[in-house]
Every structure is written in C-alpha cells, then in structure tokens.
Amino acid sequence: GAEIEIKLPPMVFDADGLKLLSQIENWSELLPDIAVLTPHPGEMAEMTGLSVDDIQANRLEIAREYAQKWGHVVVLKGAFTVIAAPNGDTFTVPVASAALARAGSGDVLAGLIVGLRAQGLDALQSAVAGAWIHAQAGLTAEEIIGTSASVLAGDILAFVPNVLADLE
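The structure displayed is predicted, hence computed values, not measured ones.

(A) Representation of the overall build of the chain. Looking only at helices and strands, the chain features 9 helices and 5 strands. For the chain, the sequential pattern of α-helices and β-strands runs β-α-α-β-α-α-α-β-β-β-α-α-α-α. For 168 residues, the compact-globule estimate of 2.2 N^0.38 gives 15 Å, and the C-alpha radius of gyration of the chain, at 16 Å, lies within 12% of that figure. With the principal axes as the frame, the chain shows a C-alpha extent of 60 × 40 × 25 Å. Counting the 168 residues in the chain, one finds 41% classified as buried. Restricting to contacts in the chain with at least 6 residues of sequence separation, those with at least 24 account for 51%.

Set out below in structure tokens:
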C-alpha cells in the first residue's frame, strides 16, 4: 500500500503542554519544523532543571541557550519578556506591567501567537509580534481602566483590536 505522510501543523506549546513535553525524552527532536514554546519562569525551571532564581537572574542568556539547544523559539514570559530564536537572535519586549501578570493573560498571548502562525507568519515573527501586541494591549487596558490591579485577561484581549488598528 501507499504510505501516507502526515504533515503536522505549526505548533505553539504553553502551560500543561510544556509540562508534558518535558516528560518526553528528546522531545525537542520530535517536534516538526520550529515550534514556539511560551514558558513562564516556573515552567522554564521545570523544563531545564534550573532554579527560578537562576533563570530570572539571566533571562536573556538562558532563553537564548535553550532556544539554540532545543531548536525552537522560546518566549520566556515575565517582566521584559524575552523571545529567543534557534539561531541565537533575541528580542526583549520593553514592558513590565502588573496588568500582564494576570491569570489567563498567558493564554491570551499563546492565542495571539497561534493566530499569527495560522496567518502565515513564521515561528519567530509570530512570537515577537504576538508578545509585542499582547504587551501593548495590556498597557492600553491599564490606561483605560485606570489601574493595573483591575485589568483581567479578558481586558487584554478586548484591547487587541485597538493595538492592531494603531498598526494600520
């Protein structure tokens, strides 16, 4: 019989997806193409065996090291989110706001990256653009609502169209 080749779509891993990946030996070699991984420092610690303190003290260097080692784009979330490419390039989103540190805000970020990948951007482009749009939407929500303490993940999502409109 004829062999059927299954082509897997571009992939973005967040939250439990990252935890499950880290339980598979040689997981980084099993993923097709270049995936996007979106760990917060705790998830990055679980994936690397490093401490959260070590990761936080060397965010850019660790994101770069593991993006190169794994061959995938790493979006190390947190204040001044770092995006690292397998070729060693790094990008930092120059935003640190409590408005972005809300339950569910990482889901909004992952969704933005997925949406951009689905529209044809490559892994690195979607990660950088998604992280920037996410940060700007969070800052806009904080400005409109009046305080970062009152911003919810849904508010960040609600202001994404405003950020996109400003880009046109």
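The rest of the description comes next.
(B) Fine view of the sheet that holds strand 1 (residues 12-13). If you trace the 5 strands from one edge of the open sheet to the other, you get 1-2-3-4-5, paired in mixed fashion. Since the sheet does not close on itself, it has two edges, and those belong to strand 1 and strand 5 (90-92), each with one partner. Strand direction decides the pairing type here: strand 3 (residues 73-76) and strand 4 (residues 82-84), joined by 3 bridges, are antiparallel. Its bridge partner lying in strand 4, L76 is registered against V82.

(C) Representation of the pattern of salt bridges within the structure. Enumeration over the complete set of coordinates arrives at 3 salt bridges. In this structure, D14 and K77 form a salt bridge, with 2.9 Å as the shortest nitrogen-oxygen distance. Within this pair, whereas D14 is found in the loop between strand 1 and helix 1 (16-22), its partner K77 is found in the loop between strand 3 and strand 4, the two being separated by 63 residues in sequence. Taken individually, D14 and K77 each receive the classification buried, so the pair is uniform in this respect. Where K19 meets D16, a salt bridge forms, and the shortest distance between an N and an O atom there is 3.9 Å.

(D) The arrangement of the packing of aromatic side chains in detail. For the coordinates displayed, the defined rule picks out 2 aromatic pairs. Look at Y66 and W70: their rings are 5.0 Å apart centre to centre, the planes differ by 50°, and that puts the pair in the tilted class. In this pair, Y66 and W70 are both assigned in helix 5 (residues 59-70), 4 residues apart and thus about one turn of the helix distant. For the pair Y66 and W70, one class covers both residues: buried. Site record: aromatic cluster; members linked through ring pairs are W27, Y66 and W70.

(E) Quick look at the environment of R64. Its place among the elements puts R64 in helix 5. We classify R64 as partly exposed; its relative accessible area is 29%. In this structure, the C-alpha to C-alpha distance between R64 and V82, residues 18 residues apart in sequence, is 8.8 Å.

(F) Inspection of the pairing of strand 3 at higher detail. Every second residue of strand 3 is oriented toward a common face, with V73 and V75 on one face and V74 and L76 on the other, all of them buried. Where strand 2 (residues 36-37) lies against strand 3, 2 bridges are found, and the strand directions are parallel. Paired with V36 across the bridge in strand 3 is V73. In this structure, the hairpin formed by strand 3 and strand 4 is closed by a connection of 5 residues, where G78 is found at a positive phi of approximately 135°.

(G) Summary view of the side chain of T38. Mapped onto the fold, T38 is located in the loop between strand 2 and helix 3 (41-48). With residues near it in sequence (within four places) discarded, T38 still touches V12, F13, D14, L18, E43, V75, K77 and I113.

(H) Broad picture of the side chain of R59. Counting through the fold element by element, R59 comes out in helix 5. This buried residue, R59, is left without a salt bridge; E61 holds the nearest opposite charge, at 8.7 Å. A polar side-chain atom of R59 sits 3.2 Å from the main-chain carbonyl oxygen of K77. If sequence neighbours within four positions are ignored, R59 has contacts with P41, L76, K77, G78, A79, F80, T81 and V82.

Conventions adopted
- Residues numbered from 1 in each chain as written.
- Predicted model: local features only at pLDDT ≥ 70, side-chain atom pairs only at ≥ 80, totals over all residues.
- Heavy atoms only, no water.
- Helix = DSSP H or I, 4+ residues; strand = E, 2+ residues; numbered from the N terminus.
- Rg over C-alpha atoms; globule rule 2.2 N^0.38 Å.
- Buried < 20%, exposed > 50% of the residue type's maximum accessible area, 1.4 Å probe, protein only.
- Contact = heavy atoms within 4.5 Å.
- Pairing = 2+ DSSP bridges.
- Salt bridge = Lys/Arg side-chain N within 4 Å of Asp/Glu carboxyl O.
- Phe/Tyr/Trp six-rings, centres within 6.5 Å; stacked < 30°, edge-to-face > 60°.
- Lys, Arg positive; Asp, Glu negative; His and termini not counted.
- Polar contact = N/O pair within 3.5 Å; in protein donor to acceptor, adjacent residues only side chain to side chain.

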